[in-house]
Amino acid sequence: MSLLHLSSLAEISALEWDALLPDDQPFLRHAFLLTLEESGSVRPENGWQPDHLLWRENGVLSAALPGYRKRNSQGEYVFDHAWADACHRAGIQYYPKWLGAIPFSPVTGARLLGEGAAISQLLAALPDELMQHGLSGAHINFTTPFANDVMEQQPDWLARLGIQYHWHNKGYRDFQDFLDTLMSRKRKQLRKEREQVQSSGFEFHWYRGDELSEDQWDFVYTCYANTYAVRGQRPYLTRQFFSLLAERMPRSIRVVIATLQGQPAAMAFYLVDGNSLYGRYWGCLAEFDRLHFETCFYQGMDFAMAEGLLRFDAGAQGEHKLVRGFEPQITHSWHYLCHPGLREAVEEYLVQERAGIRAYAIEAREALPYRRGD
């Protein structure tokens, strides 16, 4: 039995890796993670050094954890900058750390891959590995109920909660069917938003990954990069990522392009599996009132209903989603900190934070637009 480190997912076959996946969510697939690496989107120079963990028994892969050594906290969406700042002030090393996550993707999904007993053995071996490699700790983000049950049995791992907003398709036939479940005032607001965009002359066209030309992918990337540029930031993903992913996972990709007078003006990039739609990236060439809501939310709802998908995860954060029917969803992450003083301080903080998150999730439901009693 041995714990192995992979410096690239190219060191293992897609067949062997994907055999451990419990569902068809695209983010854990070998093709997705390898595309991040080979496109240069994930690399040590931007703080993401691939360090995937494998557990083999008699040469047979029985468990795995996708992971990275991190020298910053960018692109994680479980924010620990305050922990790092406190360590810096106290003279405690916080970076590098080890992170079990999908880069730039705040999506709950499988992290602990494989058989339960083998996963537990991998996790038990991890603390010694952290010390041996000079890592301050390990963090596993956006875990599923299965992983949460496993992590609760591991000593010294700290639980952290977060909040997102997901839309659930409750058997709606179309958007009007959904609107009929809302309070009158909210129903009018959503209808007005859609009519405003429609009356401005926008049209929307959906594409699979293999239906877009390279010129269209250039447009998609320009919009994506512009979202970061307006905030004075660099985009996480490279242009090559989109073309490579379209080649390798075309049926998992959906892109909606908004056109005005026949010219592309905005886009939203989605991934899809048999159950859910995941809104990942959005961008536009100029600002248009309410276009973001239509492109990123309402178009996604329409697609989910047409395809019979049960859930629409439109991305992290955004309280404005509540009034559009996206329900609060608690997310989970787990943290192992080697320094005992840091661990004790963070544990005390997380007790209060968890209580606050749970209270907010209950309070946030009061802002949902649904008719009471439905």
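Each remark here, short or long, concerns the structure printed above.
Just so you know, these numbers come straight off a predicted model, no measurement behind them.

Draft legend 1. Highlighting unusual backbone geometry. Of note, the amide linkage connecting Tyr95 to Pro96 takes the cis form, showing an omega dihedral of 5°. Along the chain, Pro96 turns up in the loop between helix 3 (81–90) and strand 6 (97–100). We note that Phe104 has phi near 60°; this positive angle belongs to a residue other than glycine. With respect to the secondary-structure elements, Phe104 resides in the loop between strand 6 and strand 7 (113–114). Take Phe104: its relative accessible area is 2%, and that puts it in the buried class. At Asp156, a residue that is not glycine, the phi angle is positive and equals roughly 75°. Structurally, Asp156 is set in the loop between helix 5 (145–151) and strand 9 (158–168). Given a relative accessible area of 41%, Asp156 falls into the partly exposed group.

Draft legend 2. The nonpolar core, seen in detail. Core analysis: the biggest nonpolar cluster contains 49 residues, and Trp17, Phe32, Trp217, Phe242, Met267 and Phe269 have the highest contact counts within it. If you list the elements that add at least two residues to this core, you get helix 2 (30–38), strand 4 (60–65), helix 8 (214–229), helix 9 (239–248), strand 11 (253–260), strand 12 (263–272) and strand 13 (276–284). Broken down by element, this core gets its largest block of residues, eight residues, from helix 8. In this view, Trp17 contacts Leu9, Ile12, Leu28, Arg29, His30, Leu33, Leu54, Ala64, Leu65, Pro66 and Leu113; residues no more than four positions away in its chain are not counted.

Draft legend 3. Layout of helix 3. When helix 3 is considered as a whole, its buried residues turn out to be Trp83, Ala84 and Cys87. With its buried residues spanning 100° around the axis, helix 3 presents them on a single face. Exposed positions of helix 3 whose direction lies more than 90 degrees from the buried face are Ala82, His88 and Arg89. Among the structural elements, strand 8 (137–141), strand 9, strand 15 (327–337) and helix 11 (340–364) are those in contact with the buried residues of helix 3. Directly after helix 3, the chain includes Gly91, whose backbone phi takes a positive value near 75°.

Draft legend 4. Quick peek at the pattern of salt bridges. Tallied over the full model, the rule gives 20 salt bridges. Salt-bridge contacts for Asp156 lead to Arg343; the nearest nitrogen and oxygen are separated by 3.6 Å. Separated by 187 residues along the polypeptide, Asp156 in the loop between helix 5 and strand 9 and Arg343 in helix 11 bring together distant segments of the chain. What makes Arg343 buried here is its relative accessible area of 17%. Note that Glu211 is salt-bridged to Arg208, the shortest N-O span being 3.8 Å. Residue Glu211 is classed as partly exposed on the basis of its relative accessible area, which comes to 40%.

Draft legend 5. Spatial organisation of the sheet that holds strand 3 (residues 52–57). Spatial strand order, 1-3-4-7: four strands in an open sheet with antiparallel pairing. At either margin of the open sheet sits one strand with a lone partner, and together these are strand 1 (2–6) and strand 7. Bridging between strand 3 and strand 4 involves five bridges; their strand directions are antiparallel. Bridge pairing in strand 4 links Glu57 to Val60.

Draft legend 6. Structural context of helix 9. What helix 9 keeps buried is the set Phe241, Phe242, Ser243, Leu244, Leu245 and Ala246. Residues of helix 9 that are buried sit in contact with helix 2, helix 8, strand 11, strand 12 and strand 13.

Draft legend 7. Spatial organisation of the sheet that holds strand 5 (residues 68–70). With respect to topology, eleven strands assemble into an open sheet ordered 2-5-6-8-15-9-14-13-12-11-10, the strand pairing being mixed. What marks the edges here is a single partner per strand, and that holds for strand 2 (48–50) and strand 10 (202–208). Across the sheet, the mean angle separating the axes of adjacent strands is 30° when strand polarity is ignored. Most of the contacts of helix 4 (residues 116–132) go to strand 8, to which it runs at about 135°, and overall it touches strand 6, strand 8 and strand 15.

What counts, and where the lines are drawn
- Residues numbered from 1 in each chain as written.
- Predicted model: local features only at pLDDT ≥ 70, side-chain atom pairs only at ≥ 80, totals over all residues.
- Heavy atoms only, no water.
- Helix = DSSP H or I, 4+ residues; strand = E, 2+ residues; numbered from the N terminus.
- Buried < 20%, exposed > 50% of the residue type's maximum accessible area, 1.4 Å probe, protein only.
- Core = buried A, V, L, I, M, F, W, Y, C linked by side-chain atoms within 4.5 Å.
- Contact = heavy atoms within 4.5 Å.
- Arc of directions from axis to C-beta.
- Salt bridge = Lys/Arg side-chain N within 4 Å of Asp/Glu carboxyl O.
- Pairing = 2+ DSSP bridges.
- Axes fitted to C-alpha atoms, helices over the stretch in contact; angles between N-to-C directions.

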